[in-house]
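For reference, the chains in residue letters:
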Amino acid sequence: MDFKEKSQVLLGILKEIHKYNTINPPLMLPRILQLNNELDGSIFLFGARQTGKSTILRQQFGKDSIYIDLLDSELRSRYSRRPVLLYEMLKDKCAGTIVIIDEIPEVPHLLNEVHRLISERGLLFILCGSSARKLKRKGHNTLGGRALPVFLYPLVSAEIPVFDIDRAVQYGMLPPHYLAENPARHLSAYIDVYLKEEIKEEALVRNLNSFQRFLEVAAVTDGEIVNYNNIAQECGVSATTVSSYFDILEDTLIGYRIPAYTKVVKRRIVQAPRFYYFDVGIANHLLHRKELVRGTVDYGHAFEHLVIQELVAWLHYSHSEEKLFYWRTYTGLEVDAIIGDARVAIEIKSVEEVLPRHLKGLKAFGEEYPSSRRIVISLDRINRKVGNIEFIYVLDFFKLLWDEGL
């Protein structure tokens, strides 16, 4: 049986696991984020739609908590009319009782009662939602630091028993998409229902057509340096509006900007941020990137995005205080990922053989920051070290990341 046939067999096994797990939620893929370890007080659990927030809550707490699902229209309606019902329901519970409120932004007035129950009764709350934007923009009670934010990201390689790098590069790592029979259809529905309708429902933008155009242009700039003026011209809006649109994507956890590493030593450095959608599958769908093939430019862009996505999740789940940056000079030398204060520099290449020409950026960075650890991540299966530069196969790098860290 060749590699392709083995991959198909293993993928079939994963799909069967997914079907079984649909009936038996506790056996869903285990997540690295362990919420019990985060419960040093109450928490806000944030994550984009379909990252698996409801599943992880049921999986990790089950019957050991009180679960309130505000997607239940009857419950939502009752709590909306009388938020004090929450206090009446929970006021006699013992201190330390865990209460989960799923989709808390649907009834934000409940936060006043949550605040009272934390202060008076010592209850522990896990407050779940897709973003804090609804709460912030209407001035609702955000509990004054009594609940810390925790973020759930799409799946990472370590959470998948048999990880298929090409499938991840093509369809992304949202659980319903990675395991789906027809990921493309799921992606299309996700974008139509969430990226369009939810933005419209929240009345976050006045002109939905210009925002839809912005989503597509933002996809074109995915992984690239953000130029607000150029994007504004493409969308027919002002640069200030474009900046606010990026703020919306970040606040609703649909994307994030990665800043440039700007500690200047010798070279003149680019200072604008780079933008990435929170999941590579979303960017691929918006860009109509289908049937990605190794060796192509499109595959290379998506491959880089996937590695960045993994690094972002790792930094958060490991509670690292270090930040993720990129580095680029005005002469075009660049490094895709810088961790911390130039502690680690990572170049991402989707090639199956790393050549000297792929190392220019890392070598230049090493001249500026000689104490940095320099790594090339690629599809080259021969791990080695040449001078001060490490060559690591992508799957081995992912294993290193989650087993040992950097």
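Each residue is numbered by its place in its chain's sequence as written, counting from 1. A pLDDT threshold of at least 70 governs which residues receive local features in this predicted model, and a stricter bar of 80 or more applies before side-chain atom pairs are shown or counted, although totals over entire chains, interfaces and linings include all residues. Neither water nor hydrogens contribute to the side-chain values; these are computed over all heavy atoms in the structure.

### A closer look at the packing of helix H14 (residues 297–317) against helix H16 (residues 394–403)
Then, in step 1: In contact at an axis separation of 11 Å, H14 and H16 are set at 10° when each is read in the N-to-C sense. Overall, the two elements H14 and H16 adopt an arrangement that is roughly parallel. Contact residues: H14 offers Phe303, Val307, Glu310, Leu311, Ala313, Trp314 and Tyr317, while H16 offers Val394, Phe397, Phe398, Leu401 and Trp402.
Then, in step 2: Residue polarity follows a fixed list, in which Ala, Val, Leu, Ile, Met, Phe, Trp, Tyr, Cys and Pro are nonpolar, Asp, Glu, Lys and Arg are charged, and the others, Gly among them, are polar. Classifying every residue of the contact of H14 with H16 by side-chain character gives eleven nonpolar, no polar and one charged. The axes are straight lines fitted to the C-alpha atoms, using for helices just the contacting stretch, and the angles between their N-to-C directions are given from 0 to 180°. To qualify as a helix, a DSSP run of H or I must reach at least 4 residues; to qualify as a strand, a run of E must reach at least 2; elements of each kind are numbered from the N terminus. Any angle that is under 35 degrees is reported as roughly parallel, and any over 145 degrees as roughly antiparallel; angles of 65 to 115 degrees are reported as roughly perpendicular and all others as oblique. By the convention used here, residues are in contact when the closest approach between their heavy atoms is within 4.5 Å.

### Observations regarding the packing of aromatic side chains
Given two aromatic rings, their pairing is described by the distance between the two centres and the angle made by the two planes.
Then, in step 1: Stacked, tilted and edge-to-face are the three classes assigned to paired rings of Phe, Tyr and Trp, where Trp is represented by its six-membered ring and a pair needs centres within 6.5 Å; plane angles under 30 degrees give stacked, over 60 edge-to-face, the rest tilted. Under the defined criterion, the tally for this structure stands at 20 aromatic pairs.
Then, in step 2: Relative to phenylalanine 46, the ring of phenylalanine 44 lies with its centre 5.5 Å away and its plane at 5°, an arrangement referred to as stacked. Comparing phenylalanine 44 with phenylalanine 46, the two get one shared label, buried.
Then, in step 3: Between phenylalanine 365 and tyrosine 369, the aromatic rings sit 4.6 Å apart at their centres with planes inclined by 40°, giving tilted as the arrangement.
Then, in step 4: Accessible area is worked out with a 1.4 Å probe on protein chains only. A residue is then buried under 20% of its type maximum, exposed over 50%, and partly exposed in between. Residue classification places tyrosine 369 among the buried residues on the basis of a relative accessible area of 9%.
Then, in step 5: An aromatic cluster is present here, built from Phe214, Tyr228, Tyr245, Phe246, Phe275 and Tyr277 joined pairwise through their rings.
Then, in step 6: The ring of tyrosine 87 carries arginine 116 above its face, with NZ or CZ at 3.6 Å from the centroid. Lysine and arginine charges are scored as sitting over a ring when NZ or CZ, respectively, is within 6 Å of the ring centre and within 35 degrees of the ring normal.

### Some words on the pattern of salt bridges
Then, in step 1: What makes a salt bridge here is a side-chain nitrogen of Lys or Arg within 4 Å of a carboxyl oxygen of Asp or Glu, nothing more. Going through the model one piece at a time under the given rule, you end up with 20 salt bridges.
Then, in step 2: Put simply, arginine 294 and aspartate 166 hold a salt bridge, and the shortest N to O gap is 3.0 Å. Taken as a pair, arginine 294 in the loop between helix H13 (280–286) and H14 and aspartate 166 in helix H7 (residues 165–171) lie far apart in primary sequence, 128 residues in all.
Then, in step 3: Judged by its relative accessible area of 30%, aspartate 166 is partly exposed.
Then, in step 4: Across the pair glutamate 347 and lysine 349 runs a salt bridge, and its minimum N-O distance is 3.4 Å.
Then, in step 5: Of the residues examined, glutamate 347 reaches a relative accessible area of 5% and is grouped as buried.

### So, helix H15 (residues 360–368)
Then, in step 1: Looking only at H15, the buried set comprises Gly361, Leu362, Ala364, Phe365, Gly366 and Glu368.
Then, in step 2: For H15, the secondary structure elements touched by its buried residues are strand S8 (324–328), strand S9 (334–339), strand S10 (344–348), strand S11 (373–378) and strand S13 (389–393).

### Here's the deal with the nonpolar core
Then, in step 1: Core analysis: the largest hydrophobic core is formed by 114 residues, its most contacted members being Tyr277, Ile346 and Leu406.
Then, in step 2: Of the residues forming this core, the biggest block, twelve residues, is contributed by H14.
Then, in step 3: In this structure leucine 406 touches Leu311, Trp314, Ile339, Arg343, Val344, Ile346, Arg373, Ile375, Phe397, Leu400 and Leu401, once residues within four positions along its chain are discounted.
Then, in step 4: In this structure, Ile269, Ile338, Ala342 and Leu359 belong to the second largest nonpolar core, which totals 17 residues. Here the nonpolar core consists of buried residues drawn from Ala, Val, Leu, Ile, Met, Phe, Trp, Tyr and Cys, with membership extended through side-chain atoms lying within 4.5 Å.

### Digging into the sheet that holds strand S1 (residues 42–46)
Then, in step 1: The five strands are arranged S2-S3-S4-S1-S5 in an open sheet whose pairing can be described as parallel. Only two strands of the sheet have a single neighbouring strand rather than two, namely strand S2 (66–69) and strand S5 (147–151). Ignoring strand direction, the axes of neighbouring strands in this sheet form an average angle of 20°.
Then, in step 2: At least two DSSP bridges between two strands are needed for those strands to be called paired. Alignment of S1 against strand S4 (residues 124–129), held across four bridges, turns out to be parallel. By the bridge assignment, phenylalanine 44 is partnered in S4 with leucine 127.
Then, in step 3: Relative to the sheet, helix H2 (residues 53–61) contacts S1, S2, strand S3 (98–102) and S4, its axis offset from that of S4 by approximately 155°.

### Notes on unusual backbone geometry
Then, in step 1: Despite not being glycine, leucine 253 has its phi angle at roughly 65°, a positive value.
Then, in step 2: When you line up the elements, leucine 253 lands in the loop between helix H12 (239–251) and strand S6 (255–258).
Then, in step 3: The phi dihedral of alanine 342 is positive, around 60°, even though this residue is not glycine.
Then, in step 4: As for its placement among the helices and strands, alanine 342 is situated in the loop between S9 and S10.

### Overview of the confidence of the model for the chain
Then, in step 1: Here the chain averages 86 in pLDDT, and 86% of its residues register 70 or above.
Then, in step 2: The predictor reports its confidence for every residue as pLDDT, a score running from 0 up to 100. Low pLDDT, under 50, characterises residues 6–11; the predicted model gives this stretch four contacts beyond four residues in sequence or across chains.
Then, in step 3: Confidence drops under pLDDT 50 across residues 13–27; counting only partners more than four residues distant or on other chains, this segment forms 17 contacts.

### A short note on H2
Then, in step 1: Taken together, the buried positions of H2 are Lys53, Ile56, Leu57, Gln60 and Phe61. One side of H2 holds all its buried residues, which, seen down the axis, span an arc of 100°.
Then, in step 2: Buried residues along H2 sit in contact with S1, S2, S3 and S4.
Then, in step 3: A positive backbone phi angle near 50° is found at glycine 62, which sits one or two residues after H2. Taking the helix axis as origin, the arc is that swept by the directions to the C-beta atoms.

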